Amino acid sequence: MNIKQSTIEEIIKSEKEKITNPNKLPFLQAQVLQKIYLDLFDHKRITIEELSKLTDYPKNSKILNDAIESLDKKGFLDGNLITGFRISENCLDLFSKIVKKNDYKHKKYSTNILQFITSENFTLKLFEEEQTISKLNKYGTVHKWYDYLEDFPFSLIEDKIKEYKIKPNSLVVEPFVGSGTTCVSANFFQCNSIGFDANPLMTFISETKTTWDINLALYKKLVIKIAEQFLEKIHNYDSLKLTKGFLENMPKKELNQWLSPALQKEVNLLKNLVDEISDKKIKNLLLLALSKSCLDASYASFCPGTTFYPFREKEEFWDLFTKKAIQIYEDLEKVQRHNHYGKSTLINDTCLNGSKYIKSNMIDFIVTSPPYPNDLEYTRQTRLEMYLLNFVKNMDDVQQIKKKMVKGSTKLIFKESKSEVFALKFNDVKIVSDKIYEQTKDKNWGFDYPRMIREYFGDMYLCLKEFFPLMKKSTHFLLVVGDQTVKGVYIPVCDILVEMAQEIGYSNCKKELFRMRRSTGHNILLPEEIVIIEK
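These remarks concern the structure in this document. Please read all numbers here as calculations on a predicted model, not as lab measurements.

Thresholds, definitions, all that
Residues numbered from 1 in each chain as written. Predicted model: local features only at pLDDT ≥ 70, side-chain atom pairs only at ≥ 80, totals over all residues. Heavy atoms only, no water. Helix = DSSP H or I, 4+ residues; strand = E, 2+ residues; numbered from the N terminus. Rg over C-alpha atoms; globule rule 2.2 N^0.38 Å. Buried < 20%, exposed > 50% of the residue type's maximum accessible area, 1.4 Å probe, protein only. Contact = heavy atoms within 4.5 Å. Areas by Shrake-Rupley, 256 points an atom, 1.4 Å probe, with all protein chains shown as cover. Lys, Arg positive; Asp, Glu negative; His and termini not counted. Charge placed at Lys NZ, Arg CZ, Asp CG, Glu CD. Salt bridge = Lys/Arg side-chain N within 4 Å of Asp/Glu carboxyl O. Axes fitted to C-alpha atoms, helices over the stretch in contact; angles between N-to-C directions. Parallel < 35°, antiparallel > 145°, perpendicular 65-115°, else oblique. Left-handed = near helix turned anticlockwise from the far one by under 90°. Core = buried A, V, L, I, M, F, W, Y, C linked by side-chain atoms within 4.5 Å. Polar contact = N/O pair within 3.5 Å; in protein donor to acceptor, adjacent residues only side chain to side chain. Phe/Tyr/Trp six-rings, centres within 6.5 Å; stacked < 30°, edge-to-face > 60°.

**Observations concerning the overall build of the chain**
Link 1 in the chain: Along the chain, the regular secondary structure elements total 23 helices and 13 strands.
Link 2 in the chain: Taking 535 residues into account, the globule formula puts the C-alpha radius of gyration at 24 Å, and the chain, at 26 Å, falls close to it.
Link 3 in the chain: Burial status across the chain gives 55% buried among its 535 residues.
Link 4 in the chain: Here the contacts in the chain between residues at least 6 apart in sequence split such that 76% fall between residues at least 24 apart.
Link 5 in the chain: Accessible surface, the chain as shown: approximately 25,100 Å² in total, 50% of it carbon and sulfur.
Link 6 in the chain: Positive and negative side-chain charges in the chain, numbering 79 and 72 respectively, have mean positions lying 2 Å apart.

**Comments concerning the pattern of salt bridges**
Link 1 in the chain: What the rule picks out here adds up to 36 salt bridges.
Link 2 in the chain: Residue glutamate 420 is joined to arginine 454 by a salt bridge in which the shortest nitrogen-to-oxygen separation is 2.7 Å. One end of the pair, glutamate 420, is in the loop between helix 20 (395-403) and helix 21 (427-440); the other, arginine 454, is in helix 22 (residues 449-467), and 34 residues separate them in sequence. Across the pair, arginine 454 and glutamate 420 agree in class, each one buried.
Link 3 in the chain: Overlapping salt bridges bring together Glu254, Glu377, Arg380, Arg383 and Lys402 as one network.

**Remarks on the packing of helix 21 against helix 22**
Link 1 in the chain: Look at helix 21 against helix 22: their axes get within 8 Å of each other, and the N-to-C directions meet at 160°. What the angle tells us is that helix 21 and helix 22 run roughly antiparallel. At the point where helix 21 passes helix 22, the crossing takes the right-handed sense. Residues Val429, Val432, Ser433, Ile436, Tyr437 and Thr440 of helix 21 touch helix 22, and the partners they reach there are Tyr449, Pro450, Ile453, Arg454 and Phe457.

**Looking at the nonpolar core**
Considering soluble globular proteins, one finds that nonpolar side chains tend to be buried as a cluster.
Link 1 in the chain: By size, the foremost hydrophobic cluster in this structure holds 96 residues, and its most contacted members are Phe188, Tyr219, Phe230, Leu270, Leu286, Trp318 and Phe321.
Link 2 in the chain: With residues near it in sequence (within four places) discarded, phenylalanine 188 still touches Ile133, Leu136, Asn137, Thr141, Val142, His143, Trp212, Val335 and His340.

**Observations concerning the side chain of threonine 47**
Link 1 in the chain: As for its placement among the helices and strands, threonine 47 is situated in the loop between helix 2 (27-41) and helix 3 (48-55).
Link 2 in the chain: When its relative accessible area of 15% is taken as the criterion, threonine 47 is described as buried.
Link 3 in the chain: Separated by 3.1 Å, the side chain of threonine 47 and the backbone nitrogen of glutamate 50 make a polar contact.

**Regarding the packing of aromatic side chains**
Link 1 in the chain: Within the structure shown, the criterion is met by 24 aromatic pairs.
Link 2 in the chain: Residues phenylalanine 27 and tyrosine 299 carry aromatic rings whose centres are separated by 6.2 Å and whose planes lie at 65° to one another, so their mutual orientation is edge-to-face. Of this pair, phenylalanine 27 sits in helix 2 while tyrosine 299 sits in the loop between helix 16 (280-297) and strand 5 (300-302); the two residues are 272 residues apart in sequence, bridging distant segments of the chain.
Link 3 in the chain: With relative accessibility at 8%, the residue tyrosine 299 sits in the buried group.

Laid out in structure tokens, this is it:
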């Protein structure tokens, strides 16, 4: 070997020792690396056919083959598909972590659920005392079964119910129910509620969180039964005959973005077991626990957009499910001690159809936090769970849901969208739309941000108009909403909503500061305010 060649090899070796943080790998490379590591552990021959099947890229795809080569160049692997791969010495720890996380055949699963014990609840029970409804609400009882990215504080609804002197048995309406914060709090304080959401997952979650007449002895018995079945069967998953459900319906590339191979199997086994439960209310509670645990164990991270980190440390799915199932039981124990609360009705439809479900002069109070015009496409964040719980079976189903949603994102605009005509009578909407057009007119990205603004405010105008005749006289409508910036253009969302409300006929329209927040995209402080309007 001559000196020049030796120097080149030393440089290559030196570069490989500078291992990239695995969380910074492009997702395709991370996916391929994980597959190769697991095949090496199982002493399987690694083929381009298997990698093509996993990633959904053709086996002759330059993108796929470049991803494989990049892993060698970055030092995560030594070798190639022809000669075979081996693990670089400085990646043995990473290899060990990946194998441990995915080796469901030999993994030791916690049995805490069989005794309904977690480290957290053992400590809490030693000091537990009777709690008031106000404390239950404040500390997130029931609320924390499933929280949502844009939820407002649990205490806000209680504060407003008391401030506006809303009496027991009053009807509280939530036009954008999300994970049910408004309905849960309304129920705590003996108010009845109706919640709307175009996303079937969110109406399911809210309905489940507001169903408290549960046979807890039967719940505990069924949880232990399915836990015993899961622990007995998971190590032999590959020999089981199970319904594939979401594993077959969800596009493969998207499914693999969300869940590791082992997690897919753990979740599918538990889903099959839960589906066998005949008591619908208990079944729904466990589907909620399953769904939330799956999401929290997944690769996904919301910040607030959806990104995926295959190597980020996450708590084990089974441990998360154990805690969630026990949390639900203990919360229901606390709630049932009081035995006086309101009832909720959840409607899977756009709130723009409110008059189909509520008669005129029926509503006592409306409080909501609507979508913002921030270009967040919320079905993206709930995509995994919509497939998992069979609310969608293909992208056509997803599209139908998106068409019903308030157009706060460019990805929610369709040819048939036509709400913008209702916003053009408001000068501030036209001014903002025109400014954004000037900022984006030279771009070829295909996203129509000016139209998004017009469609959004058109939808919000229709929402305010829809509920006006349904409210009793002197009823208040509260909207927790924040001003936004889009492509550097400031959008006075609250001021525009106040102007719209006045045009419709609402009185005493005003806003009060709720909090200041900083956008993830810039350093401008944006006010989040409560728009208050009255019939």
